[in-house]
Amino acid sequence: MTKPELLAPAGDIDKLKTALHFGADAVYIGMKDFSLRANTKNFDDAQLCEAIAYTHSLGKKIYIAFNIYFTPEQTDDIVAALHHLAQLCPDGMIISDPGIILLARQHAPNVPIHISTQANTTNQYAADFYKAQGADRIVLARELSLEQIRQIHLHTDIELEAFVHGAMCISYSGRCLLSTYMTTAGLGRRTDDTKTEPRSANKGDCVQPCRWEYILKEKSRPDQNYEVSEDEHGTYFMSSRDICMIDHIADLIDAGVCSFKVEGRMKSLLYISAIIASYRSMIDHICDGTPIDRRIIERELNVVSHRDFSTGFFYQSPMTDANITSTMQYKREMRLSGKVLGSSGDKMTVKVYNTISTDSDLEYVAPGLNIVKVGRIELFDRNGTPTDKIHHCDEATVRLYDTDGNVIIGQSMDILRMEADF
Ligand code: SF4
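The structure displayed is predicted, hence computed values, not measured ones.

Draft legend 1. Examining the overall build of the chain more closely. Broken down by element type, the chain carries ten helices and 21 strands. Radius of gyration (C-alpha) of the chain: 23 Å, near the 22 Å computed for a compact globule of 422 residues. Seen through its C-alpha atoms, the chain measures out along the principal axes to roughly 65 × 60 × 45 Å. When the 422 residues of the chain are sorted by exposure, 52% land in the buried category. Considering only contacts in the chain between residues 6 or more positions apart, those separated by 24 or more positions represent 68%. Averaging the locations of the 44 positively and 58 negatively charged side chains of the chain gives two centres separated by 2 Å.

Below is the structure:
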């Protein structure tokens, strides 16, 4: 069985390092200005160089999202960015606009081209078309079934990548005008939103109106809201479930998928650590026979923010099953407490994300689903003085013990987390 690549999202350099630490084979990131995800921090020039050098130093791969649809006045900037990428040599550029494919072949011919899911490739002829244009890989449309992917794989030899975990759209992979329409009408903007242009899903800036809860009003009774409720949680007829294909890895490999992509460049460090470690373990189990404990994986999938899970359209048709969630509520059980910056002897330096005190109920998480319940915490401030609490955003030195009293010896990029009161 050919072992697939596990491809992780990375919204910033911390998430990139975390994803690689917890077992990703490759990461995908956005460049400032040229990525679809407008709300991620994205990487400026210096960070881009650091990200590529760091990833390559680990012998892993990095792909750059370049999946906007551009307009004529952006041409010079696009060409300049392509020249820059040609020098930096990432392992691929994720492109949807045919114009950028053309320019990429001229100005960055040494960088492989991956066709974005935004291009909605749904058949072998489209795959062959893109191959003839110089593409090396297709990120398949999320609406395809496993059988359709198998047919594409049988009739073309281009690499196929598929989203296996994360959020779905009710529209065709982000090709949706709902957010643009709503925000143009003045709806859905946060109070701190200073932008004036429409919030377009096609520019990665969706306000997600499909997840909102809707009510009915009668025109002459503006103060009266008529609830249209599916159940006690409200109405959510457009809100898709998340995909989770962790129990179907062999099916995906058999259908010809060579790269398993996790959605979510806006997701947290906690999310990335738990989901990537879970898929790493399951892929190694399926391909190499390494043992797993399915109960640990089940818990990991559920300690981070997500909607109801489904298998997307891999086994069902979008024509008959829209995979709508049965609740609007996000489910999550844990929050990130800290990230290890380094260790010395039996102590670790930790960046604190949520206040840690000596009586916090912590779990220590290292790669390989190595999760240890912390039994005792010794905390020291930046001056090395013992303390009973270190606040959010500060740094702490910690000595941690497991419940048997053994010191926990960790390494940089491991994380600490705690039960959350949501
Ligand atoms: S409104 Fe919903 S379906 Fe449309 S692009 Fe945004 S998340 Fe996707």
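Draft legend 2. Region of interest: unusual backbone geometry. In this model, Asn120 sits at a positive phi of 55 degrees, which is unusual for a non-glycine residue. Here Asn120 is to be found in the loop between β5 (113–115) and α5 (124–132). The backbone of Gln208 shows a phi angle near 60 degrees, a positive value even though the residue is not glycine.

Draft legend 3. Region of the structure containing the pattern of salt bridges. By the definition in use, this model includes 27 salt bridges. Residue Lys339 is joined to Asp14 by a salt bridge in which the shortest nitrogen-to-oxygen separation is 3.1 Å. On the criterion of sequence distance, the pair formed by Lys339 in strand β13 (residues 334–344) and Asp14 in helix α1 (residues 13–21) is long-range, its members being 325 residues apart. As a salt-bridge pair, Arg221 and Glu218 come within 2.8 Å of each other at their nearest N and O atoms. Three or more residues are tied together by salt bridges with common partners; here these are Lys3, Asp25, Arg280, Asp284 and Asp288.

Draft legend 4. Spatial organisation of empty space enclosed by the protein. Overall, the coordinates contain one cavity of 30 Å³ or more when judged by the stated rule. As a volume, the largest cavity reaches approximately 30 Å³. The wall of the largest cavity is formed by Leu140, Ala141, Arg142, Leu144, Ile149, Ala162, Phe163 and Phe314. Partitioned by chemical class, the residues of the lining of the largest cavity number seven nonpolar, no polar and one charged.

Draft legend 5. Region of interest: the nonpolar core. Grouped together as the largest cluster of nonpolar side chains are 97 residues, with contacts concentrated most on Leu16, Ile29, Leu48, Phe66, Ile78 and Met93. In terms of residue count, the dominant contributor to this core is helix α9 (residues 269–288) (twelve residues). Two domains each donate at least three residues to this core, and these are domain 1 (5–168 + 240–310) and domain 3 (334–419). If you look at the next biggest cluster of nonpolar residues, it comprises 18 residues, including Ala366, Val374, Ile390 and Met418.

Draft legend 6. Quick peek at helix α6 (residues 146–155). Considered for burial, the residues of α6 that qualify are Leu146, Ile149 and Ile152. Projection of α6 onto a plane perpendicular to its axis shows the buried side chains occupying an angular sector of 120 degrees, all on one side. Contact partners of the buried residues in α6: α5, β7 (159–166) and α8 (249–255).

About the thresholds
- Residues numbered from 1 in each chain as written.
- Predicted model: local features only at pLDDT ≥ 70, side-chain atom pairs only at ≥ 80, totals over all residues.
- Heavy atoms only, no water.
- Helix = DSSP H or I, 4+ residues; strand = E, 2+ residues; numbered from the N terminus.
- Rg over C-alpha atoms; globule rule 2.2 N^0.38 Å.
- Buried < 20%, exposed > 50% of the residue type's maximum accessible area, 1.4 Å probe, protein only.
- Contact = heavy atoms within 4.5 Å.
- Lys, Arg positive; Asp, Glu negative; His and termini not counted.
- Charge placed at Lys NZ, Arg CZ, Asp CG, Glu CD.
- Salt bridge = Lys/Arg side-chain N within 4 Å of Asp/Glu carboxyl O.
- 1 Å grid on protein atoms, 1.4 Å probe; cavity = no way out; pocket = protein on both sides within 12 Å on 5 of 7 lines; lining within 4 Å.
- Points joined across faces, edges and corners; volume = space filled by probe spheres on them.
- Nonpolar A, V, L, I, M, F, W, Y, C, P; charged D, E, K, R; others polar.
- Core = buried A, V, L, I, M, F, W, Y, C linked by side-chain atoms within 4.5 Å.
- Domains from an automatic or database assignment.
- Arc of directions from axis to C-beta.

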